[in-house]
Amino acid sequence: EPEVTQTPSHQVTQMGQEVILRCVPISNHLYFYWYRQILGQKVEFLVSFYNNEISEKSEIFDDQFSVERPDGSNFTLKIRSTKLEDSAMYFCASSETPGNTIYFGEGSWLTVV
Amino acid sequence: SQQGEEDPQALSIQEGENATMNCSYKTSINNLQWYRQNSGRGLVHLILIRSNEREKHSGRLRVTLDTSKKSSSLLITASRAADTASYFCATARGYSTLTFGKGTMLLVSP
């Protein structure tokens with residue numbers, strides 16, 4: 001079964017450093033998402049992306065965050081200057097069309113120290 | 001107000017028993033999706049039910065949706081130890097963004 005793949009599975013970074021989390025969505029999917037889950041808390045929406053542009057973003061997705069689809073397969077989330085509170089599991093997800101099943105990857109654990 | 005709140009927060013049962021988890025939400029939705037998460041792992045999609053559907057089945061899973069009460073339930077029949085996980089409902093108000101609840105932690109003992 002096709003799946004969303006994410007790398008790295010775990011990253012430890014120093015506060016203030018830039019981090020790039022990478023994702024390969026399911027190949028025929030057109031809509032891509034990033035969500036995050038702080039330990040012990042709800043899964044929260046960050047951003048959705050379609051046709052090479054952001055279609056929706058949450059209040060969490062401030063100027064420190066950016067997304068990019070640098071080629072035909074990868075979808076990345078960049079955090080420019082990490083803060084301690086950015087420590088979380090970051091999930092990439094994709095769907096074929098809006099209103100259909102959203103498939104999630106295994107997540108990337110980010111620990112900011 | 002919170003969208004997608006699961007109940008109970010934790011549920012402990014024996015193998016072979018049925019497990020029922022409930023989800024309530026506040027606003028109108030386009031669809032509702034149930035996910036499973038093993039500790040520290042990714043979100044596994046279980047079932048999507050649309051606002052015009054009332055019930056869906058997938059293997060041992062049965063999901064109901066009552067839009068008049070703004071609630072959904074997930075029933076796992078004949079549970080197994082491998083069903084031990086956290087279960088989340090997620091509501092889609094539009095056509096893409098999901099809003100997750102806090103989840104129900106299910107423990108199935110052999």
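What counts as what
Residues numbered from 1 in each chain as written. Chains lettered and ligands numbered in written order. Predicted model: local features only at pLDDT ≥ 70, side-chain atom pairs only at ≥ 80, totals over all residues. Heavy atoms only, no water. Disulfide = S-S within 2.5 Å. Helix = DSSP H or I, 4+ residues; strand = E, 2+ residues; numbered from the N terminus. Buried < 20%, exposed > 50% of the residue type's maximum accessible area, 1.4 Å probe, protein only. Pairing = 2+ DSSP bridges. Axes fitted to C-alpha atoms, helices over the stretch in contact; angles between N-to-C directions.

Draft legend 1. Quick look at the state of the cysteines. One pass over the full model with this rule turns up 2 disulfides over all chains. A:Cys23 shares a disulfide with A:Cys92; S-S distance 1.9 Å. One disulfide, between A:Cys23 and A:Cys92, carries an S-S torsion of -65° and so falls in the left-handed class. One end of the pair, A:Cys23, is in strand E3 (residues 19-24); the other, A:Cys92, is in strand E9 (residues 88-95), with 69 residues separating them in the sequence. Neither residue differs from the other here; A:Cys23 and A:Cys92 are each classed as buried. Disulfide partner of B:Cys23: B:Cys89, at an S-S distance of 2.0 Å. Here the S-S torsion is close to 65°, and the disulfide linking B:Cys23 with B:Cys89 is therefore right-handed. Taken together, the residues B:Cys23 in strand E3 (residues 19-24) and B:Cys89 in strand E9 (residues 85-92) connect sequence positions 66 residues apart. Considered together, B:Cys23 and B:Cys89 belong to a single accessibility category, that of buried residues.

Draft legend 2. Spatial organisation of the sheet that holds strand E7 (residues 61-66) of chain B. Residue and element names in this part refer to chain B. Pairing within the open sheet is antiparallel, and its 5 strands lie in the order E1-E3-E8-E7-E6. The open sheet has two free edges, formed respectively by strand E1 (5-7) and strand E6 (55-58), since each of these has just one partner strand. If you compare each strand with its neighbour and ignore which way they point, the axes differ by 20° on average. As judged from the 4 bridges shared by E6 and E7, these two strands associate in the antiparallel manner. When the sheet's bridge partners are listed, histidine 57 is paired in E7 with arginine 62.

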